[in-house]
Every structure is written in C-alpha cells, then in structure tokens.
Amino acid sequence: MKNLIYRALAAEKKFFILLAAVLMTVCFQSCSDDKYTVWTETETYSDFQNNLNTTLEDGYYKRLEITNAQWEQIGPNLTSEGKHRWSEEEIKKWLIGNGFGNDEARKESSWLAMVNHGFIVTRDHNLVYMILK
C-alpha cells in the first residue's frame, strides 16, 4: 500500500513539474514580446516643413533620440489619435510598409525599441510618415 501511495505522489509531482515548466515557457515567450507605445502620423511634406522647420530629401529618413526633457514637453500634447501598442515586429512591419527595406526596418525597429524615446521620419514624394515612441 505504501508503495502505491509513493508512486501516486511521484506521478503527481512529475505532472506538476511538467505543468510548471509549460507555464514558465509560455510566460517567458509572452514576456519577451514587449509592447511599446508608439504614435504614427502621416502629413504632407509642406506641413512637415512648416511644423518642424526642417527639410528632408525625398526617399530618405531621419531618426532622432528624444531626451527625457524633450519628452516632458512633447508627451502632454499627445492624444490617442495614431496611438498604438506595438511589438518590435509590428514597428518593423510599419517601417517596411512605409518604404524601408527589410534590413533597414529591422535595424531601425530595434533602435526604436532600445531607446526610451525616439522619432523616425521618412519622406516619399509629397508625404511624410512619422513614428514616435
């Protein structure tokens, strides 16, 4: 009788260890897929020039790391319009959809995920696409 109880407890212990391992794996996979709050915007090049008082050549992009002091000025003016909770992969897809090549999009989405706050702007003819984190 004692052996049956020990075997049952051992089998139950193995089940709980296996269950814990599966749950930990799922948790680590979901935790590694971080989400970032980003804002996207599209505007005409002339509006971009007027609003930011800068130029950007057609077919090019710029990126800028935003300091905490700058973010304190920008943040309160942001609304829910254009706001997203995206993974690095979703940011990469947005960049590809707005003219970036795969390698360039991978590099820039990794950069944007790494910095506290950043801004990427790209120009395609008369339109300017922006992403802010």
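In this text, all values refer to a predicted model and were calculated from it rather than measured experimentally.

Draft legend 1. Examining the sheet that holds strand β1 (residues 35-44) more closely. Taken in spatial order, the 5 strands of this open sheet run β2-β4-β5-β1-β3, and their pairing is antiparallel. Edge positions in the sheet fall to β2 (61-65) and β3 (83-87), since each has one partner strand and no second. The average angle at which neighbouring strand axes cross in this sheet is 25°, direction not considered. Both β2 and strand β4 (residues 118-124) contribute to a ladder of 5 bridges, which runs antiparallel. Residue pairing in the sheet places L64 in a bridge with F119 of β4. Running over the sheet, helix α2 (residues 45-52) touches β1, β4 and β5 (127-132) and is turned about 110° from β1.

Draft legend 2. Fine view of unusual backbone geometry. Residue N53 is not a glycine yet carries a positive backbone phi of 50°. When you line up the elements, N53 lands in the loop between α2 and β2. Phi angles above zero are rare outside glycine, and H125 is one such case at about 60°. By secondary structure assignment, the location of H125 is in the loop between β4 and β5. Classification of H125 by relative accessible area gives exposed; the value is 55%.

Definitions and cut-offs
- Here the residue numbers are simple positions, counted from 1 along each chain's written sequence.
- Where totals are concerned, whole chains, interfaces and linings use all residues; where local detail is concerned, this predicted model gives features only for residues with pLDDT of at least 70, and gives and counts side-chain atom pairs only at 80 or more.
- Side-chain numbers here rest on the full set of heavy atoms in the structure, without hydrogens or water.
- At least two DSSP bridges between two strands are needed for those strands to be called paired.
- Going along the chain from the N terminus, every DSSP run of H or I of four or more residues is numbered as a helix, and every run of E of two or more is numbered as a strand.
- An axis is simply a line fitted to the C-alpha atoms; with a helix, the fit covers only the stretch in contact. Between two such axes, the angle follows the N-to-C directions and lies from 0 to 180 degrees.
- What makes two residues a contact is simply this: any of their non-hydrogen atoms within 4.5 Å.
- Three exposure classes are used, based on accessible area relative to the maximum for each residue type with a 1.4 Å probe and protein chains only: buried under 20%, partly exposed in between, and exposed over 50%.

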